[in-house]
Amino acid sequence: MAREIAIVSGKGGTGKTTITAAFIAISQNVIMADCDVDAPDLHILLQPDMNKTEEFVSSKVAVIDEATCTGCGVCESSCRFDAAHPPDINSISCEGCGVCELVCSEGAITMQDKVSGHIHESSTRFGPMVHAKLLPGEGNSGKLVTEVRRRGLQSAEKQGKDIVLIDGSPGIGCPVIATVTGLLLGVIVTEPTLSGMHDMKRVLSLMNQMRVKPMVIINKFDLNLDNTRDIEEFCKEDNVEILGRIPFDSIMTKSMIAGKTLPEFSPDHEIVGQLHEIWKRIEDYVKMTK
Amino acid sequence: MQAIINECDLLIITVASGKGGTGKTTVAVNLAISLGHANVLDCDVEEPNAHTLLHPEDIRITDVTVPTPVVDQEGCTLCGDCGKFCQFNAIFVGKTKVLVYDEICHSCGGCVLVCPEKAIEEKARKVGEIKSSKTGDVYLTYGDLNVGEPMAVPLIKAVKEHIVKREINILDAPPGTSCTVIETVQESDFVILVTEPTPFGLHDLMMTVGVLDRLDVPYGVIINRSTIGDNETVKFLKERGIQVIMEIPFDRRIAELYSRGEPFVNELPEYRAKFQEVVRHIEETVRNGT
């Protein structure tokens, strides 16, 4: 059975996707899974060929039959999500709970399947990739993330790969909980800003709650050396391994604009050397826990 | 500024972005400080960051609860109706008792309605806190979702209850375009989209623009770190006729100030006038629109 490693951050924009893509290019031997189903960006660097695209249906939405609806308003007063305004349903607010259907004495409401997003199984120049896109305004990100992970593991099984590498989303809510549940390892990419540290601590405590092993990469470490030291001390006290500190460098943006991963864009760059070492440590950890 | 506030009674400006880490919080807080007085509402309840720039003291804390079912095991006949009804798999009816999985319950109240024995009632369950404070003439309210809670929307609703009349309300949205973002932006008079001119920034900006067009909310774009990256973002905005309301060039000083938790308009006061200009623009747009 393949093992899953996710790159998360708490705060957005710390460099998750750039670093994930670099690891993919270095390893060339993982199944990649983009679990940032709300704002996926990994495909921009990996340019996947989509072999298979499927609709993701995991919830229902209420539909009112106008002809049967008497406008009595009982659905409106029972709906906790302010979605039922007979004869209309606000499909963005509707959570598909079915209470309106239950209380409607005229049988005018039915619950219908709702497409929440799309899921893609693709090939890239580095191997297979599973990714998805949640439709705007949808709230089923956790379920979609779980489905991406399921397919990632399936693909790993088929291809005989040991690692599924997951690009996570920012935050600590629904999609992140679904991303970190049951991981072998969660790598937190943080930055030495007050917000970066604040957000790292929250995602760290989520991982502790879920009993997931965390490790930390400090990106843009030279932006604030005092804060970098604080992060290091905090991690030391909590027994969290720091995988490395990466300097602030315009190569991160330049490689992105070139549409390339860091190792492709500048194989001899110092940061690429560091990322090789970090990836080696991650692989060693995976081997060690077999 | 006072004129517009009296005219519309209520002004809500939301700062959003698709991609995380583009500078939403930086814009929201510096805008508020430049105006002299404003009501900042940090709706990124998973990872609230505005307080890391405003450093509030004397914080008033209120709990946010959601109704969650509690089953009276004595009265329960294990008929299974509640489990069958629940669309979210939050209730499991076993052979000897009923289990409720609090975190995945959406609080729709359906189980209470379907229970023939009236053996289910709802109790308030805490999912997070709302924190309110005042720094100078800037009011700040932010939500703090309990770590491990997947659902952020109830907390965002609670933050939004602190929107006040006759004041400029500045909402700091979470990243992405999912339910949490829609919940934040839907009643806004104007949305400021903060982006960075990189492929990731542009990709996520296009996504958000699509959502705002559907919601029919007026918006304009602030290009942050405008001197890094490429010209594709400007090209896209020009083609679509979307107005750039401000550009903030990349400046390491701004990044360093942010890392220390200092709003940059305090050190670089020349930006105050630019932010005031942004609000004047918004004022005009809102006035012409209504």
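In this text the structure is predicted, and so the values were computed from the model without any measurement.

Enquirer: Even after reading the chapter, I still don't get the overall build of chain A, so can you show me in this structure?
Expert: Looking only at helices and strands, chain A has 11 helices and 11 strands in total. Overall size of chain A, expressed as C-alpha extent along the three principal axes, is 70 × 40 × 40 Å.

Enquirer: So what exactly am I meant to see when it comes to the interface of chain B and chain A here?
Expert: Size of an interface: often given as the accessible area lost when the parts come together. If you look at the interface, chain B gives 49 residues, while chain A gives 51 residues. Among the elements that make up the side of chain B that touches chain A, the one with the highest residue count is helix 8 (residues 199–215) of chain B (7 residues). Classifying every residue of the side of chain B that touches chain A gives 20 nonpolar, 22 polar and 7 charged.

Enquirer: Which parts of the structure should I look at to understand the domain arrangement of chain A?
Expert: Residue and element names in this part refer to chain A. What the domain assignment lists for chain A is domain 1 (3–47 + 125–288) and domain 2 (57–115). If you average the C-alpha positions of domain 1 and of domain 2, the two centres end up 40 Å apart. In this assembly, 5 residues from domain 1 lie in contact with 5 residues from domain 2. Its residues placed into classes, the side of domain 1 that touches domain 2 shows 1 nonpolar, 3 polar and 1 charged.

Enquirer: Would you mind showing me how to read the packing of helix 8 of chain B against helix 9 (residues 232–240) of chain B here?
Expert: For any two helices packed against each other, one specifies the inter-axial angle together with the distance between the axes. All names here are of chain B. Interaxial distance between helix 8 and helix 9 falls to 9 Å at its minimum, and their mutual angle equals 25°. By the criterion of interaxial angle, the relationship of helix 8 to helix 9 is roughly parallel. In this structure, helix 8 uses Gly-201, Leu-202, Leu-205 and Met-206 to contact helix 9, whose residues at the interface are Glu-232, Thr-233 and Phe-236. In terms of residue class, the contact of helix 8 with helix 9 is made up of 4 nonpolar, 2 polar and 1 charged.

Enquirer: For this particular structure, what's the right way to read the sheet that holds strand 8 (residues 168–172) of chain B?
Expert: The pairing of strands in a sheet comes from backbone hydrogen bonds and takes either a parallel or an antiparallel form. All names here are of chain B. The mixed open sheet is built from 9 strands, whose spatial order is 3-6-7-2-8-1-9-10-11. Single-partner strands in this sheet number two, and they are strand 3 (60–71) and strand 11 (244–248). Going across the sheet, the axis of each strand differs from the next one's by a mean of 20°, ignoring polarity. Two elements, strand 3 and strand 6 (residues 120–135), share 12 bridges in a ladder whose sense is antiparallel. Looking at the pairing, Thr-62 lines up with Ile-130 of strand 6. Sheet strands touched by helix 8: strand 1 (11–16), strand 9 (190–195) and strand 10 (219–224). Its angle to strand 9, the strand with the most contacts, is close to 165°.

Enquirer: Whenever I open this one, the environment of Pro-40 of chain A confuses me. Can you help?
Expert: Residue and element names in this part refer to chain A. Position of Pro-40 relative to the elements: it lies in the loop between strand 2 (30–34) and helix 2 (42–46). It is 9.1 Å that separates the C-alpha atoms of Pro-40 and Gly-168, two residues lying 128 residues apart in sequence. Those residues in contact with Pro-40 that lie beyond four places of it in its chain are Asp-34, His-131 and Lys-133.

Enquirer: Even after reading the chapter, I still don't get the sheet that holds strand 8 (residues 163–167) of chain A, so can you show me in this structure?
Expert: Residues and elements named next belong to chain A. Taken together, the 9 strands give an open sheet; going across it, the order is 3-6-7-2-8-1-9-10-11, and neighbouring strands pair in mixed fashion. Each edge of the sheet is formed by a strand with only one pairing partner; in this case those strands are strand 3 (49–64) and strand 11 (241–246). Here the average twist between neighbouring strands, direction ignored, is 20°. In this structure, strand 6 (residues 109–124) lies alongside strand 7 (residues 127–134), joined through 8 bridges in antiparallel fashion. Its bridge partner being in strand 7, His-118 is matched across the sheet by Lys-133. Across the sheet, helix 5 (residues 141–159) lies against strand 1 (3–8), strand 2, strand 3, strand 6, strand 7 and strand 8, angled at about 170° from strand 7, the strand it touches most.

Enquirer: Looking at this model, I keep getting lost on the confidence of the model for chain B. Mind explaining?
Expert: Close reading of the predicted structure is inappropriate where its pLDDT is low. In the predicted model, chain B carries a mean pLDDT of 95, and the fraction of residues at 70 or more is 97%. Scoring of the predicted complex yields 0.95 for pTM and 0.95 for ipTM.

Enquirer: I keep staring at helix 11 (residues 270–288) of chain A and nothing clicks. Help me out?
Expert: Side chains three or four residues apart in an α-helix point the same way, a direct result of the helix having 3.6 residues per turn. Residue and element names in this part refer to chain A. When the terminal C-alpha atoms of helix 11 are compared, their 27 Å separation across 19 residues agrees well with the 27 Å that a helix rising 1.5 Å per residue should span. Taken together, the buried positions of helix 11 are occupied by Ile-271, Val-272, Leu-275, Ile-278, Trp-279 and Ile-282. Looking straight down helix 11, one finds that the buried residues subtend no more than 120° of arc, so they occupy a single side. Residues Glu-270, Gly-273, Glu-277, Lys-280, Asp-284, Lys-287 and Met-288 are exposed on helix 11 and point more than 90 degrees away from its buried face.

Enquirer: Would you take a moment to explain the nonpolar core for this structure?
Expert: Generally speaking, a soluble globular protein has its nonpolar side chains buried in company with each other. Residues Val-40 and Ile-170 of chain B are the most contacted members of the largest nonpolar core, which totals 144 residues. Filtering out sequence-adjacent residues up to four positions away, Val-40 of chain B remains in contact with Ala-28, Val-29, Ala-32, Ala-50, Val-138, Tyr-139, Leu-140, Ile-170 and Asp-172 of chain B. Of all hydrophobic cores here, the second largest spans 14 residues; its members include Ala-62, Cys-75, Ala-84 and Cys-94 of chain A.

Enquirer: When you look at unusual backbone geometry in this model, what are you seeing that I'm missing?
Expert: Glycine aside, negative phi is the norm for most residues, and most peptide bonds take the trans geometry. For the bond running from Pro-86 of chain A to Pro-87 of chain A, omega is 5°, close enough to zero to count as cis. Locating Pro-87 of chain A in the fold gives a position in the loop between strand 4 (84–85) and strand 5 (88–89). Its identity as a non-glycine residue notwithstanding, Arg-166 of chain B has a phi of 50°, on the positive side. Locating Arg-166 of chain B in the fold gives a position in the loop between helix 6 (153–160) and strand 8. In this model, Asp-216 of chain B sits at a positive phi of 60°, which is unusual for a non-glycine residue. Summarising the element assignment, Asp-216 of chain B is placed in the loop between helix 8 and strand 10.

Enquirer: Honestly, the environment of Ile-109 of chain A in this entry has me stumped. Any pointers?
Expert: Residues and elements named next belong to chain A. Mapped onto the fold, Ile-109 is located in strand 6. Taking the number of C-beta atoms within 10 Å as the measure of exposure, Ile-109 has 23 and is therefore buried. Residues Ile-109 and Asp-249 lie 140 residues apart in sequence; the distance between their C-alpha atoms is 57 Å. Apart from the residues within four sequence positions on either side, Ile-109 is in contact with Ala-62, Val-63, Ile-64, Cys-75, Cys-100, Glu-101 and Cys-104.

Thresholds, definitions, all that
- Residues numbered from 1 in each chain as written.
- Chains lettered and ligands numbered in written order.
- Predicted model: local features only at pLDDT ≥ 70, side-chain atom pairs only at ≥ 80, totals over all residues.
- Helix = DSSP H or I, 4+ residues; strand = E, 2+ residues; numbered from the N terminus.
- Contact = placed C-beta atoms within 7 Å.
- Nonpolar A, V, L, I, M, F, W, Y, C, P; charged D, E, K, R; others polar.
- Domains from an automatic or database assignment.
- Axes fitted to C-alpha atoms, helices over the stretch in contact; angles between N-to-C directions.
- Parallel < 35°, antiparallel > 145°, perpendicular 65-115°, else oblique.
- Pairing = 2+ DSSP bridges.
- pLDDT = per-residue confidence, 0-100.
- Expected span 1.5 Å × (residues − 1).
- Buried ≥ 20, exposed ≤ 12 C-beta atoms within 10 Å, placed from the backbone.
- Arc of directions from axis to C-beta.
- Core = buried A, V, L, I, M, F, W, Y, C linked by C-beta atoms within 7 Å.

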